[in-house]
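Per-entry structural report
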Amino acid sequence: MSAQLLQSLLSGLTVGAIYALVALGFAIIYNASRVINFAQGEFVMIGGMAAAVFVDAGLPLPLSVVAAVGLGMAVGLLLEKLAVEPARGAPVVTLIIITIGASILLRGLAALVWGKKIRPLPAFSGDAPIVIGGTAGGATLLPQTLWVLGTTLAAVAALWWFFNRTLSGKAMLAVSHNRLAAQLVGISVRRVLLVSFGLSAALGALAGVLIAPISFAAWDVGVMLGLKGFAAAMLGGIGSGPGAVAGGLALGLIEALGAGYLSSAYKDVFAFVVLLAALVFLPNGFAGRGAAERV
Amino acid sequence: MAAAPLALPNNYTYEVAILVGLNAIVCVGLNLLIGYAGQISLGHAGFFGLGAYGSAILAARYGWPPAISLPAAVAGVAVIAWLVGRPILRLRGHYLAMATLGLGIIVSQVLATEDRITGGPDGMAVPAFLVSGEKAWYWIIATLLVLTVWLAQNLIDSPRGRALRALHGAETAAAAVGIDAARHKLAAFVLSAALAALAGALTAHYAGFITPSRASFLHSIELVTMVVFGGMASTFGAVVGAAVLTTLPQLLAGFKDYELVTLGALMMLTMIFMPRGLVPTLEKALDAARRRPR
């Protein structure tokens, strides 16, 4: 394997892992509420920005990370309580506009409170690159990449455990399958909705904290990251957890390989071209199944 | 609308009125697609941008007179919309939203990257149209808007319009009673794309300048927000939505820092308290007031 290919694959997996976390957030909220939360990217922005601001304020890095994820989660819970719950039962387009409004509001608040300058966040364990694949001309790996991949793996494992082994997780799955039936057996749909927003926001903020040392944090990074996460979720088949992870990784790899071998200027385009092709030929995503319409 | 010039004291207010008219033309078209046919598009700024750049490039690089480049660009966009609409409109709901969003992003990235033709992210200068001056432009845009609204209203009350509404209700049921769903959806898509392209080309020639940001995702979102804010499935709602959301940022221009926060909060509050949009909610309230026994 050539060094360039290895390098592209590594950076593709890293970005792909971030997309996967964002896509999981989309999937969790979609399953609980059938809402596409366009503010998902802003949770990523909040995670990265908050961590950078806390570190600047003198907090130790691990504490800043935890506080940033906590803040992201709090914003997610507030969003559900103040904006999504009052609009329950509204048409899908209306809900989409509400979450888009929320994303514009959050972006504006971030610019107002934290300023518009780009903020760096120190890498979790140094910047010394690790050379792999031969001494001369080998690919290099930043320690942060290992943090991204490791944490994503841990988060996916934790989610699997949560949804398959705990009562709250199973209740959420039940709601996603049949809301009315879930309500009839005594599951509080309102609580499931609240938990889904908290969980998705925490995942988004975690993604933001992980990627900030590699790509910096700024008030406006949420838009593209959110759209890519949405694209990943759709590629995998919306609402499917494994699909979201596969979609995220696939999107990251397509982007990195396209940028490395075809044209770096069109990096953001490849993902969407492949996505369009996938939508036309596999209209329900990798993991989706065809749904019959009830008349 | 003919009386509006009396209330417009200076060139700046004319300019805002022209921008309102241009956005309203896009929104009336988009409303046919979203409000009546029930098909969401998050990429209409892409068609707006293609129309704008199409006419600008034909006029600036190839020396076509704008009176020819403009209709040529609109026709070109209609053909493109027809070609991409055929496969894409088979998708439904969120998948359609994603596909149109992807299309819009591809268009805006291509416009920003092919800088030898489009001038790149900094934009390009566009030759002036036949007329100049705010007043002349106002009359052109106002006439086109009236024509667009007239066209939309007639379309909605025609058999084709009823077919579109049937699609919105239940596509399978509409197909079962013999409505060619794919054909009607495609027609609404192509018409809305052509209107967006028309407004785009007019904007380019009016402003004399165009940047890829006009084709961006955020502009697509602005357009959809105008339609939903004003009220879906209401042609006048689309016009009102365009008017309010075009004027508001102008009024907030003095509070640049608070613009995003205000816009975001406004979008959320309207949708939470008036999920059906401004005009249908007001109509309903008026109706209820009229029926109340005195």
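Here's what I pulled together on the structure shown here.

Attention now goes to the interface of chain B and chain A. At the junction of the two partners, chain B supplies 36 residues and chain A supplies 38 residues. Every element with two or more residues in the side of chain B that touches chain A is listed here: α5 (93-113), α9 (171-176), α11 (217-230) and α13 (259-273) of chain B. If one sorts the elements of the side of chain B that touches chain A by residue count, α5(B) sits on top with 11 residues. The residue inventory of the side of chain B that touches chain A, partitioned by class, reads 26 nonpolar, 7 polar and 3 charged.

This next bit is on the packing of helix α9 (residues 222-236) of chain A against helix α11 (residues 267-281) of chain A. Residue and element names in this part refer to chain A. The geometry of α9 relative to α11 is characterised by a closest axis approach of 10 Å and an angle of 30° between their N-to-C directions. Here α9 lies roughly parallel to α11, going by the angle between them. Note on packing geometry: the crossing formed by α9 with α11 is left-handed. From α9, Lys228, Ala231, Met234 and Leu235 reach across to α11, where they touch Ala271, Phe272, Leu275 and Ala278. Of the residues in the contact of α9 with α11, the class split is 7 nonpolar, no polar and 1 charged.

Attention shifts here to the nonpolar core. Ranked by internal contacts, the top residues of the largest apolar core, which has 201 residues, are Ala205(A), Ala231(A), Cys27(B) and Ala197(B). Leave out the neighbours within four places in its chain, and Cys27(B) touches Leu223(B), Met226(B), Val227(B), Ala238(B), Val239(B), Gly241(B) and Ala242(B).

Residue and element names in this part refer to chain A. Note on placement: alanine 217 falls in the loop between α8 (189-215) and α9. Owing to 27 C-beta atoms within 10 Å, alanine 217 belongs among the buried residues under this scheme. When neighbours within four sequence positions are excluded, alanine 217 is seen to be in contact with Gly48, Met49, Ala52, Arg119, Leu121 and Ala212.

Rules used in this analysis
Residues numbered from 1 in each chain as written. Chains lettered and ligands numbered in written order. Predicted model: local features only at pLDDT ≥ 70, side-chain atom pairs only at ≥ 80, totals over all residues. Contact = placed C-beta atoms within 7 Å. Helix = DSSP H or I, 4+ residues; strand = E, 2+ residues; numbered from the N terminus. Nonpolar A, V, L, I, M, F, W, Y, C, P; charged D, E, K, R; others polar. Axes fitted to C-alpha atoms, helices over the stretch in contact; angles between N-to-C directions. Parallel < 35°, antiparallel > 145°, perpendicular 65-115°, else oblique. Left-handed = near helix turned anticlockwise from the far one by under 90°. Core = buried A, V, L, I, M, F, W, Y, C linked by C-beta atoms within 7 Å. Buried ≥ 20, exposed ≤ 12 C-beta atoms within 10 Å, placed from the backbone.

Remember that the coordinates give geometry; whether it matters functionally is a separate question.
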